[in-house]
Amino acid sequence: MSKRTKWDTIGNSDDSKKLPIYQHKASLQQAVKDNSFLVVTGETGSGKTTQLPQYLHQAGFWRDGRIGVTQPRRVAAITVAQRVSQEMRCSLGREVGYQVRFDDCTTEDTVVKYMTDGCLLREILADPVLSQYSVIVLDEAHERSLNTDILLGLLKQTISPTDKASKGRSVPLKVVVMSATLETDKLSVFLGGCPVFTIPGRTFPVISRFGCAIGQKDTESTVYLKEVVKVALDVHTCEMSGDILVFLTGQSEIEKACDMLYEKAESIDYRYDVQDRTVEGLLILPLYGSMPTDQQKQIFQPPPPGIRKCVVATNIAATSLTIDGIKYIVDSGFVKQLNHNSRVGMDILEVVPISKSEAQQRAGRAGRTSAGKCFRIYNQEFWEKCMPDYTVPEIQRTSLTSVILTLKCLGVHDVIRFPYLDRPEERFIMEALKQLYQCDAIDRRGKVTLLGGLMVEFPLPPGLTRALLQAATLGCEDLLLPVAAMLSVENIFIRPGHPAKQKEADEKHRMLAAQAGSCNDFTILLSVFEKCKASDDPSAWCKAHYIHWRALKSAFSVEAQLREILLRLRQKRDFPMEKFDGNKSELFRRCLCAGYFTNVARRSVGKVFTTMDGHGTMVHIHPSSTLFDQEGQLDWVIFHDVLATSRVYIRTVCPIRYDWVKDLLPKLHEVDVYDLSSVARQEVTDEEMAKWETKEAAKRQTGGSTEDYFKKLE
Ligand code: ADP
Ligand code: MG
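Let me begin by describing the structure that accompanies this report. Please read these numbers as outputs of a predicted model, since none were measured by experiment.

**A word on the pairing of strand β17 (residues 600-605)**
Pairing geometry for β17 and strand β20 (residues 636-644), over three bridges, is antiparallel. When the bridges of β20 are listed, A601 appears paired with V637. As paired strands, β17 and strand β18 (residues 608-611) are joined by four bridges and run antiparallel to one another. When the bridges of β18 are listed, R602 appears paired with T610. Counting the residues in the hairpin turn of β17 and β18 gives two residues, including G606, whose phi is positive at 50°.

Listed below in C-alpha cells is the structure:
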C-alpha cells in the first residue's frame, strides 16, 4: 500500500473523537494553511499535543516536509510519540518517531517527529532554514523553557518572508505555537500579531483545600514528604473512588514516597477503613523524567476494578502528560528548578516553592472529567508569603552560556537585541559571554574560536565539553568520554530503601571506589564504566554491585555517540593536538581542570571550602561523594555541579593541585579589562581592540592586574 492511500484512509480513533479539539479539526487545518504563524491554546488534556500533529498530517503537510513537534521535556517527547504512533497504527520510529538527546528513534519514513526543543535547536545549527520540515509546532510554550524561548526568537527572525534565510526553502515554513494557558496575546504580539486559535474546553470545578502542617519554615524534604504520604493515604481511606495524583520534586523523593505509601497501604484494614467499598487496594506508580518507558505505559492504563491508582509524579504531570481518571490532587507545593544563583555565580538545582499559577494548574488536573478535589499540604500563610504569582521564565533565571554560543555560531552576533519574548537581564548575557571567553570558545572580539566551533557540536555543558576536548587534544579521550557519558545519564548508584540492603550497597560502592585507584568521583565513574563493559554479563555485574544497569546501558550508548561526534570533527577540521608528559592520573585530572577551572574551591577551615571564582562562596562536599569525610586532608578541589538545600553542596569532586589551575584562574578575573558590552552587540573592530589593549597594559602597570590577585594566593 502506498503511503498516501494508507494515510488518507486513516481517520481518528473513537477515543480521540471525544476530545474537545476534534470539533475544530477542519478549521485548525485551514488556519495553519492560511497563516505563517498560529498560536493555539486550550486547556491541558484537550488534545493539542497528540491530535494537532495528526490533523496536520491528514491535511497533507507531510508532502512538503516533516511535521516537527517540540517538547521541553524528554519523557513527554517519547511518551507522546508512542501514543501517536499507536493512534496512527504504525510502529514507533517509522511514520511517527521521536528524537531526544542521545536517543534518535526516527527513520527516513518519519513524517511526524516529536523531539525536545534542545534537539531542534541543534538541528538549526546544521540546517538554519530547517529544510526538512514543512511545519514546526512549538508545544508547551507556556512552560517558557530556555530552548523554546530561543527557538521562538529564531523562528520569528528566520521565517519572515523577507528574510534571506527563508529563500533556501522551497515552500515557506509554517510555525504553530501551542500554549496551555495565558500569555497567548503576548505570544501573538511577539509573532507579529498572528491569529490565536482557542479550543474551548470544558472543565469541572475543583475544590482546593489548604493544609495546616506545612508553613513557611518547613522546606526540608523529610518534613513535607511525610505530610504528603499522610494526606494521600487519608484521601485513599476517606474519599470516594477516583485516582490520586501526587506532586513531588524528583526521582529519589518520589521513590521514597512510593516506598512509604506502599508500606502504609499494606497495613490498611480495608474492612473498616475505606469508606467507598468499591475501592479496596492502592496501586502506587512513580512518574519522573528518567523512568523506563515500559513502566511509564502503566501510568496511562486504568486500574483494575476495586483498585485506586495513585501516581506520584514530578511537575511533568502538570501540563506535559495527561492521565485520565484523576480526581484527587495532593500538592506538595514544591518543584525542583535550575536557578542561576548570582550570589554563588552558578546554576544551582534547587527545591523551591511553586508559583500560585503553577498551583492552580496542578489543581486543575483533578477536574478534567468530573468535579475533583485538591489537597494542598501547605497552609495559607505559605501560599501568601512563599509562593510567587508566576514562575519566572527559565531564560531569566539560568545560565545562558550554551545558547549564546549557539546563537553566535548561527551568526547572531548581537545577542543583546535578539528578539527575546522576555529579555534576560543584560548581566546574565555578560556572564555567559564571560564564561565563553574564559573557556576559549569566543575570542576577545566576540568571535567564535576554533575550539568554540568544536564545543557547540557536543550536547553537553560547556565545562564538560571543554575537558573532553582537552583530553582529545592530548589523545586521551578514552579517559574522558566515559566520564562525560556517565555524567549525562541518571544517577548510577542504587540506594535501596531497606536499611540492611543499604548497608550492603554502601559496602559494594566503597569497594568500587577502592578499586578505582586514585580517590575521586570522576575516576570512580570511569572505573565503573570500564569494569561493567569488560564483564561477561554486564547486567549481572550491575546487580551484584548495586548499580543501575539501565543507566549504564544508556551511558554505553552515549559514549559511543560522543565518540562518533569526536571522530567526525577530527576528520573535518584541523583538530588541535598537544603532547603531555606525566602519569595517567595527573593527565586525567589536568584535562578536568581545563574544563572545570571555573569550579575550583579551596578548603578554608574544617570541612568548609571556598570557591575561587571571585564569589567566594562557602561550600561543602556532598555526602554522596567518595571524598566526604576526607575533607580535612584536602586542599584544592574541582567539582561538577552544585546542589543547594540547607547548605551549598558540591557534587562529583576531584582533588587537584594549585599548580594545575594557576595559569587558568587569572582568566576568571581578566574580563573586566575589555568591554564585553560591545562583544555582545557585534564583532569588535581593530580600533576598539587596540583601545582595550592599551587599557589593559595601563592596568598592569598600576599593579591591579589579575596576576597580582593570584600571587597573593600562592
Ligand atoms: P493537551 O496537549 O491538549 O494537553 P494531549 O494531546 O496531551 O492534550 O492529551 C489528550 C488526551 O490523550 C488525554 O485525554 C490523555 O489522557 C490522552 N493521552 C495522551 N497520551 C497518552 C498515552 N501515552 N496513553 C494514553 N492516553 C494518552
Ligand atoms: Mg500538550
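Picking up after the structure, the text goes on.
**Some words on the sheet that holds strand β13 (residues 326-331)**
The parallel open sheet is built from six strands, whose spatial order is β9-β16-β13-β10-β12-β11. Each edge of the sheet is formed by a strand with only one pairing partner; in this case those strands are β9 (206-209) and β11 (281-287). With direction set aside, neighbouring strand axes in the sheet form an average angle of 20°. Across the sheet, helix α10 (residues 251-266) lies against β10 (243-247), β11 and β12 (307-313), angled at about 175° from β11, the strand it touches most.

**Quick word on the environment of V608**
Relative to the elements of secondary structure, V608 occurs in strand β18. According to the C-beta neighbour criterion, V608 is partly exposed, with 14 such atoms within 10 Å. Each C-alpha atom of the pair V608 and G632 lies 9.1 Å from the other, and the pair is 24 residues apart in sequence. Among residues more than four places away in sequence, those in contact with V608 are M618 and H620.

**So, the environment of L233**
Relative to the elements of secondary structure, L233 occurs in helix α9 (residues 221-238). Among the residues examined, L233 registers 20 C-beta atoms within 10 Å and is labelled buried. Separated by 62 residues in sequence, L233 and Q295 have C-alpha atoms that sit 23 Å apart. If we skip the residues at most four places from it in the chain, L233 touches L261, K264 and A265.

**Description of the environment of Q132**
Along the polypeptide, Q132 turns up in the loop between α6 (117-126) and β6 (133-138). Accessibility expressed as a C-beta count within 10 Å gives 12 for Q132, which makes it exposed. Separated by 102 residues in the primary sequence, Q132 and D234 have C-alpha atoms spaced 53 Å apart.

**What to know about the packing of helix α14 (residues 401-409) against helix α15 (residues 426-438)**
Running from amino to carboxyl end, α14 crosses α15 at an angle of 75°, the nearest separation of the two axes being 9 Å. With respect to each other, α14 and α15 are oriented roughly perpendicular. Between α14, through T401, I404 and L405, and α15, the contact on the second element is made entirely by I429, A432, L433, Q435 and L436. In the contact of α14 with α15, the residues fall into six nonpolar, two polar and no charged.

**Some points on the sheet that holds β6**
The strand order β4-β3-β5-β2-β6-β7-β1-β8 describes an open sheet built from eight strands, whose pairing is mixed. Single-partner strands in this sheet number two, and they are β4 (103-105) and β8 (196-199). On average, adjacent strands in this sheet sit at an angle of 20° to one another, irrespective of strand direction. Across four bridges, strand β1 (residues 37-42) lies against β8 in parallel orientation. Looking at the pairing, T41 lines up with T198 of β8. The strands touched by helix α4 (residues 48-58) within the sheet are β1, β2 (66-71), β5 (112-116), β6 and β7 (174-179), with β2 carrying the most contacts at an inclination of about 165°.

**Here's the deal with α10**
Its 16 residues give α10 an end-to-end C-alpha distance of 22 Å, which sits within 8% of 22 Å, the value for a rise of 1.5 Å per residue. Of the residues making up α10, those classed as buried are E253, I254, A257, C258, L261 and A265. The buried residues of α10 occupy an angular sector of 135° when projected down its axis, which confines them to one face. Opposite the buried face of α10, by more than 90 degrees, sit the exposed residues E263 and E266. Buried residues belonging to α10 abut α9, β10, β11 and β12.

**Quick word on the site of ligand 1**
In the neighbourhood of ligand 1, 16 residues make up the surrounding shell, with K48, T49, T50, R83 and F300 lying closest. Those elements that place two or more of their residues in the shell around ligand 1 are α4 and α5 (74-87). No other element matches α4, which puts four residues into the shell around ligand 1. Here the shell around ligand 1 is built from residues that sort into three nonpolar, ten polar and three charged.

**Re unusual backbone geometry**
With a phi close to 70°, F102 is a non-glycine residue in the positive phi region. Take F102: it is sitting in the loop between β3 (96-100) and β4. Judged by the 18 C-beta atoms lying within 10 Å of it, F102 is partly exposed. We note that D440 has phi near 65°; this positive angle belongs to a residue other than glycine.

Rules used throughout
- Residues numbered from 1 in each chain as written.
- Chains lettered and ligands numbered in written order.
- Predicted model: local features only at pLDDT ≥ 70, side-chain atom pairs only at ≥ 80, totals over all residues.
- Pairing = 2+ DSSP bridges.
- Helix = DSSP H or I, 4+ residues; strand = E, 2+ residues; numbered from the N terminus.
- Axes fitted to C-alpha atoms, helices over the stretch in contact; angles between N-to-C directions.
- Contact = placed C-beta atoms within 7 Å.
- Buried ≥ 20, exposed ≤ 12 C-beta atoms within 10 Å, placed from the backbone.
- Parallel < 35°, antiparallel > 145°, perpendicular 65-115°, else oblique.
- Nonpolar A, V, L, I, M, F, W, Y, C, P; charged D, E, K, R; others polar.
- Expected span 1.5 Å × (residues − 1).
- Arc of directions from axis to C-beta.
- Near = placed C-beta within 6 Å.

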